[in-house]
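Below, each chain spelled out in residue letters.
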Amino acid sequence: MDLPVSCLSDFFIQRGQILHSDIFASIDHGKFFVVMGVSEDEIVGFFYINSDINRFINTKEEQLQMQILIKKDDYSFLSHDSFICATNIVRFPKLQMIESIKNQRTKHIDTLHKADMEVLLDKVRNSRLYSKHDKETFFK
């Protein structure tokens, strides 16, 4: 049974939803990510979840501050404590994401807990890494 595009969009593609996908051309394996915002045409502001903090970030204090710890004990899909990398806004075509959900290359995994979302939004809203426009558009 095919679900209407609007159902997929409304349920899976909204702030705080954690998805897993293998559709990213620049990444050679499946990635977990958190949806942060959605426009008419794009999923915007989503952040990847990483097992560790990238070693190149350790020397960049502003970027290091944007690594948000999420605990294995709080999320059943994690095999160990991990980090949401909130150092830049990733954009992806919404229709392409919906198609990947229909084709089961992208799957809904979980929802970011309210407390973790609050920490994440607070960090992003106060970071110098993002413009005022981006903060008002994606992280209000």
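Located above this text is the structure these notes cover.
This report concerns the structure included in the present document.

What counts, and at which threshold
- Residues numbered from 1 in each chain as written.
- Predicted model: local features only at pLDDT ≥ 70, side-chain atom pairs only at ≥ 80, totals over all residues.
- Heavy atoms only, no water.
- Helix = DSSP H or I, 4+ residues; strand = E, 2+ residues; numbered from the N terminus.
- Rg over C-alpha atoms; globule rule 2.2 N^0.38 Å.
- Phe/Tyr/Trp six-rings, centres within 6.5 Å; stacked < 30°, edge-to-face > 60°.
- Buried < 20%, exposed > 50% of the residue type's maximum accessible area, 1.4 Å probe, protein only.
- Salt bridge = Lys/Arg side-chain N within 4 Å of Asp/Glu carboxyl O.
- Pairing = 2+ DSSP bridges.
- Core = buried A, V, L, I, M, F, W, Y, C linked by side-chain atoms within 4.5 Å.
- Contact = heavy atoms within 4.5 Å.

Okay, the overall build of the protein chain next. In terms of regular secondary structure, the protein chain is built from five helices and seven strands. Along the protein chain, helices (α) and strands (β) appear in the sequence α-β-β-β-β-α-β-β-α-β-α-α when read from the amino end. The globule rule puts the C-alpha radius of gyration for 140 residues at 14 Å, and the 15 Å found for the protein chain is close to it. Here the C-alpha coordinates of the protein chain stretch approximately 50 × 35 × 30 Å along the principal axes.

Any two aromatic rings considered together are summarised by their centre-to-centre distance and by the angle between their planes. Enumeration over the complete set of coordinates arrives at eight aromatic pairs. Relative to Phe33, the ring of Phe24 has its centre 5.4 Å away and its plane inclined at 80°; by these criteria the two rings are edge-to-face. Overall, the relative accessible area of 6% leaves Phe24 in the buried class. When the ring of Phe24 is compared with that of Phe92, the centres are 5.4 Å apart and the planes differ by 80°; the resulting orientation is edge-to-face.

Taken as a whole and judged by the stated rule, the model has three salt bridges. With its nearest N and O atoms 2.9 Å apart, the salt bridge here joins Arg105 to Asp22. On the criterion of sequence distance, the pair formed by Arg105 in the loop between α3 (94–102) and β7 (106–111) and Asp22 in the loop between β1 (17–21) and β2 (31–34) is long-range, its members being 83 residues apart. Arg105 gets classed as partly exposed once you look at its relative accessible area, which sits at 44%. According to the relative accessible area criterion, Asp22 is partly exposed, its value standing at 39%. In this structure, the salt-bridge partner of Glu62 is Arg128, at a minimum N-O distance of 3.4 Å.

Turning our eyes to something else, we now look at the pairing of β1. By the criterion of burial, β1 is predominantly enclosed, with four of the five residues buried. In the sheet, β1 pairs with β2 via four bridges, with the strands oriented antiparallel. Residue pairing across strands places His20 opposite Phe32, the latter belonging to β2.

It is worth spelling out the nonpolar core at this point. Counting 23 residues, the largest nonpolar core has Phe47, Ile84, Leu112, Leu120 and Phe139 as the members making the most contacts within it. Counting residues per element, the ones that place at least two in this core are β4 (42–50), β5 (67–70), β6 (82–93) and α4 (114–125). No other element matches α4, which puts four residues into this core. Setting aside residues up to four positions removed in sequence, Leu120 forms contacts with Met36, Phe47, Ile68, Ile84, Ala86 and Leu112. Counting residues in each nonpolar core, the second largest holds 16 residues, with Phe12, Phe24, Phe46 and Tyr48 among its members.

In this section: the side chain of Thr87. Assignment of secondary structure puts Thr87 in strand β6. Thr87 gets classed as buried once you look at its relative accessible area, which sits at 15%. Not counting chain neighbours up to four residues away, the residues in contact with Thr87 comprise Ile57, Gln63, Met66, Gln67, Leu129 and Tyr130.

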